[in-house]
Amino acid sequence: MMQTRQMAAGSSTADDKRRHVFITGGVVSSLGKGIVSASLGMLLKGYGFRVTLQKFDPYLNVDPGTMSPYQHGEVFVTEDRAETDLDLGHYERFTEQNLPGSNCVTSGQIYDTIIRRERRGGYLGKTVQVIPHVTEEIKRRLLRNAHEQDADINIVEIGGTVGDIEGLPFLEAIRQLRLELGRERVVFVHLTLVPYIKAAAELKTKPTQHSVRKLTEIGIQPDILVCRSEMKVADELKEKMALFCNVPRECVIEGVDCETIYQVPLMLHEEGLDAMVMSILRAEPPREIDLGIWKGMVENILHPAKEVEIAVVGKYTHLQDAYKSIVEAFIHAGVANRVRVRIRWIESSILEGDEPEVHLKGADALLVPGGFGVRGIEGMVRAVGWARENAVPFFGICLGVHCAVIEFARNVCQLEGAHSTEFDPTSPHPVIDLLPDQKGEVPKGGTMRLGAYECAVEEGSILWNTYHADRISERHRHRYEVNNAYRARLEAAGMRITGIYAEENLVEAVEIAAHPWFFACQFHPEFKSRPQRPAPLFREFVKAAKAFAHGQQNHPGLSSVGKRGRK
Ligand code: GLN
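Per chain, the residues get numbers from 1 upward, laid out in the order the sequence is written. Thresholds applied to this predicted model are a pLDDT of at least 70 for local features of residues and 80 or more for the giving and counting of side-chain atom pairs; totals over whole chains, interfaces and linings are not thresholded and use all residues. Side-chain numbers come from the whole structure's heavy atoms, not from hydrogens or water.

Chemist: Go over the pattern of salt bridges with me, naming the residues and quoting the values.
Modeler: A carboxyl oxygen of Asp or Glu within 4 Å of a side-chain nitrogen of Lys or Arg is what we treat as a salt bridge. By the definition in use, this model includes 48 salt bridges. Across the pair E137 and R140 runs a salt bridge, and its minimum N-O distance is 2.8 Å. Note that E137 and R140 are positioned in helix 7 (residues 130-148) at a spacing of three residues, about one turn of the helix. Think of it in three bands: residues with accessible area under 20% of the maximum for their type are buried, residues over 50% are exposed, and the middle band is partly exposed, with areas taken using a 1.4 Å probe on protein chains only. The exposure class assigned to R140 is partly exposed, which follows from its relative accessible area of 24%. For K214, the salt bridge goes to E217, with nearest N and O atoms at 3.7 Å. Of this pair, K214 and E217 are both found in helix 9 (residues 206-218), three residues apart, which corresponds to roughly one turn of the helix. For K214, a relative accessible area of 37% translates into the label partly exposed. E217 sits in the exposed class, given a relative accessible area of 60%. A single salt-bridge network, built from bridges that share partners, covers D15, R18, R50, D150 and D152. Strands are runs of DSSP state E lasting at least 2 residues, helices are runs of H or I lasting at least 4, and numbering of each runs from the N terminus.

Next comes the structure, spelled out in structure tokens:
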């Protein structure tokens, strides 16, 4: 404890002044703690504070990179090559700032550090215990990150729900921090559910009372309650919760369901969450907040001029959290194009039995996103073929570029059995393959090609016309690559390689010149999409979908095959 107290007391005055907001969740999971944290970050940044956001997750995986999307949703990749929780994506999008991967901390990392230290003899003579050793390591990371990012206000979301066994060390650590740093430097925000019970036609506050009681048993008295509810919470109920939960009435904030997550900061601002946090922390805002631009964006999301429908053929389509950044990137690109992007989710395996046309007919564009493992691959390959043959705008991301190359190799280059060695290790034409140093027994965690890499762009391509730059940088998460041995054959048949990672001569992007908008890339442009700065490729793809939907594509090939003209 001594060690942290010194650190907390800080080596510099900046550390002395740094403030911390801890966000916990009660009653049930999926209440939107990530969005509330991100919204608070966005608001505080709007007042001129330097903010950072961290996520502390109680599971034992070192990072979510080895988990199935069904377990965890999307794995968000940071610039600095970390595989992190999808909430970091919300934080980056709402605050428009990139975060280091170290802001995603798991119990797995904490224990890994402690056990390695123990083996080195770092605790000689001592029994290594949850308190103080695990809690010290939690506090050390939390304060170190805030220090390194020089945040005025450090927002930390604690994963899981209050009452979970594995979350206890994190709660204990933040309890200690409040004691060590003092009331004015730490605020506890607790997000709870106020459910509507149909049979009684009433909103119920009891789950919130129980959840707060659980927290106070641990020694944490929340300062602010954010009450998620389907409908407006009446004043008497707020008063009741204030009384039973020992929280001032003005600190009971309601969080009613919104049409779009981008309304949440506006609602929380109206409710005074930002004002309460600043008041408890006695943090004088450097400037007044101006939410005008954000409000305009929300207006555009809610009232677009037109609509396009984009088919997304993937493997995890009934869990849309698996494609979080893609869904958000479509919203951002929709705002830029004044359209609502309706996504038609199609589970790829269904296209293995049915004709693609049955499920894809009427879509204004097709996207094939990233994924792992063989299930559903043939369905994706068929979907790409449908878009290529029907001149429907196509965008492939990561696994999507693999499917595009496989389809083209098989059906245009006539390379029978062309495949990725990820799915068919004995393929006679391994058009997608591992790099030599990836072959053999490579450990699975954190060993993919991850994070930001540069891509050299060929002039006159879709890629060049999108970014207007010779070199771009986007984030990656993959192991397999387009096999250079097949490049000449692909190019001879009309596939253009328009993006290259020059340092290792790896294919980053492919296009088909004879098609109006056929583009696939190895990187994931969705990770850098921001509400006010949509990912350029999503913006252009949605523009192509819009042109296709209204039969106005300039491309000579499309006017006759646009939606209206198509048979
Ligand atoms: N499974 C493929 C690979 O590992 C693609 C990964 C992805 O789509 N993110 O290379």
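Chemist: Talk me through the sheet that holds strand 22 (residues 506-512); I want residue IDs and the actual numbers.
Modeler: By the convention used here, strands pair only if DSSP detects at least 2 bridges between them. Within the open sheet, the nine strands sit side by side as 13-12-14-15-23-22-21-18-19. Their pairing is mixed. Each of the sheet's edge strands pairs with one partner strand only, and the pair in question is strand 13 (339-347) and strand 19 (471-478). Going across the sheet, the axis of each strand differs from the next one's by a mean of 25°, ignoring polarity. In the packing of helix 14 (residues 324-337) onto the sheet, the strands contacted are strand 12 (306-314), strand 13, strand 14 (365-368) and strand 15 (394-397), and the crossing angle to strand 13 comes to about 150°. Axes here refer to lines fitted to C-alpha atoms; in helices the fit is confined to the stretch in contact. Angles between the N-to-C directions go from 0 to 180 degrees. Throughout, a contact is declared for two residues whenever any of their heavy atoms are within 4.5 Å.

Chemist: Residues and numbers for the site of the ligand, please.
Modeler: G370, G371, F372, C398, L399, H402, E422, R477, H478, R479, Y480 and H524 make up every residue found near the ligand. Here an oxygen atom of the ligand sits 2.9 Å away from a polar atom, N or O, in the main chain of G371. When the ligand is considered free in solution it has 290 Å² of accessible area, and contact with the protein chains removes 98% of it. Think of a 1 Å grid over just the protein atoms. A cavity is a set of points where a 1.4 Å probe fits yet cannot get out, a pocket is an open set with protein on both sides within 12 Å along at least five of seven lines, and lining residues have an atom within 4 Å of a point. If over half the atoms of a molecule are within 2 Å of the grid points of a cavity or pocket, the molecule is regarded as sitting in it. Among the detected pockets, the ligand sits in the second largest pocket. One heavy atom suffices: a residue is near a molecule or strand as soon as one of its heavy atoms comes within 4 Å of it. Between N or O atoms, a polar contact is any pair within 3.5 Å; within protein, one atom must be a potential hydrogen donor and the other a potential acceptor, and residues adjacent in sequence are included only when both atoms are from side chains. The accessible surface values rely on the Shrake-Rupley method and a 1.4 Å probe; as for residues, cover is taken only from the protein chains in view.

Chemist: So, the packing of aromatic side chains: which residues are in play, and what are the values?
Modeler: Think of it this way: a Phe, Tyr or Trp ring, Trp meaning its six-membered ring, pairs with another when their centres are within 6.5 Å, and the plane angle makes it stacked under 30 degrees, edge-to-face over 60, tilted otherwise. Applying the stated rule across the entire model yields 19 aromatic pairs. Here the aromatic rings of F330 and F541 are separated by 6.2 Å at their centres, their planes lie at 35°, and the arrangement is tilted. Within this pair, whereas F330 is found in helix 14, its partner F541 is found in helix 21 (residues 536-549), the two being separated by 211 residues in sequence. Each member of the pair F330 and F541 is classed as buried. Seen in terms of ring centroids, W517 and F519 are 6.0 Å apart; in terms of plane orientation they differ by 55°. Their pairing is tilted. By relative accessible area, which is 7% here, W517 ends up buried. Among the aromatic residues, those joined into a ring-pair cluster are F330, F395, W517, F519, F538 and F541. The aromatic ring of Y453 is capped on one face by R81, whose charged end is 4.2 Å from the ring centroid. A ring is scored as having a charge over it whenever the NZ atom of a lysine or the CZ atom of an arginine sits within 6 Å of its centre and within 35 degrees of its normal. Between R449 and the ring centre of Y453, over which it is positioned, the NZ or CZ distance is 4.5 Å.

Chemist: Account for the sheet that holds strand 5 (residues 104-106), naming residues and giving values.
Modeler: Hydrogen bonds along the backbone pair up the strands of a sheet, which may run parallel or antiparallel. The seven strands are arranged 5-2-6-1-7-10-11 in an open sheet whose pairing can be described as parallel. Each end of this open sheet is capped by a strand with a single partner; those strands are strand 5 and strand 11 (252-256). The mean inter-strand angle of the sheet, taken between neighbouring strand axes irrespective of direction, is 20°. Pairing geometry for strand 7 (residues 186-193) and strand 10 (residues 224-229), over five bridges, is parallel. Opposite V189, over in strand 10, you have I224 as the bridge partner. The strands that helix 8 (residues 168-181) touches are strand 1 (19-25), strand 2 (51-57), strand 5, strand 6 (153-158) and strand 7; relative to strand 7, the one it contacts most, it runs at about 145°. Helix-sheet contacts for helix 9 involve strand 1, strand 7 and strand 10, and the interaxial angle to strand 7 is about 145°.

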